[in-house]
Amino acid sequence: QVQLVESGGGLVQAGGSLRLSCAASGRTFSGYAMGWFRQAPGKEREFVGAISWSGGITPYADFVKGRFTISKDNAKNTVYLQMNSLKPEDTAVYYCAASRRDYWYRGRTSDFSSWGQGTQVTVSS
């Protein structure tokens, strides 16, 4: 399995921006689709978006379309989540995850086999 470490979380005011990073190590990064999920207190973990190994397919949850962008640098084994126009409701722990399953684009947690430890994002109003 690939090991994942997120970074870049923090406290930001509403309307601000943050960029999260997810660095992969261990087993080869090659062939993995990468996803971002988030979990707010008392809520289930939810899909934010994902990116295919090639970078050509990037499904997003409706609530982040137009505000968040996922990109990757395969040479650095790193995936990014650029978050703009942040809202207080975006406050959550954000996780990156890796998948080699065919249906990774569905955004189901069960389709992702490796997970990072998460990074806290707090958006103040």
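Presented here is an overview of the structure given in this document. As the structure is a computational prediction, the values presented were derived from the model and not from experiment.

## What to know about unusual backbone geometry
One non-glycine residue, N77, lies in the positive phi region at around 55°. By relative accessible area, which is 26% here, N77 ends up partly exposed. A positive phi angle, close to 50°, is found at S85, a residue other than glycine. Within the secondary structure layout, S85 lies in the loop between β7 (78-83) and β8 (92-99). For S85, a relative accessible area of 41% gives the class partly exposed.

## Notes on the state of the cysteines
Applying the stated criterion across every chain yields a total of one disulfide. One disulfide bridge connects C22 with C96, the sulfur atoms lying 2.0 Å from each other. The sign of the S-S torsion, about 55°, decides the handedness of the disulfide formed by C22 and C96: right-handed. Here C96 lies in strand β8 and C22 lies in strand β3 (residues 18-26), a separation of 74 residues in the sequence. C96 carries the same exposure label as C22, and that label is buried.

The rules behind these values
Every chain's residues receive numbers from 1 upward, in the order its sequence appears when written. Since the coordinates come from a predicted model, pLDDT governs what is reported: local features require at least 70, and pairs of side-chain atoms require 80 or more to be given and counted, while whole-chain, interface and lining totals use all residues. Heavy atoms throughout the structure, all of them, feed into the side-chain values; hydrogens and water do not. We call a residue buried when its accessible area falls under 20% of the maximum for its residue type, exposed when it is over 50%, and partly exposed in between, using a 1.4 Å probe and counting protein chains only. By definition, any uninterrupted DSSP run of H or I lasting at least four residues is a helix, any uninterrupted run of E lasting at least two residues is a strand, and each is numbered from the N terminus. The term disulfide is used for any two cysteine sulfur atoms that are within 2.5 Å.

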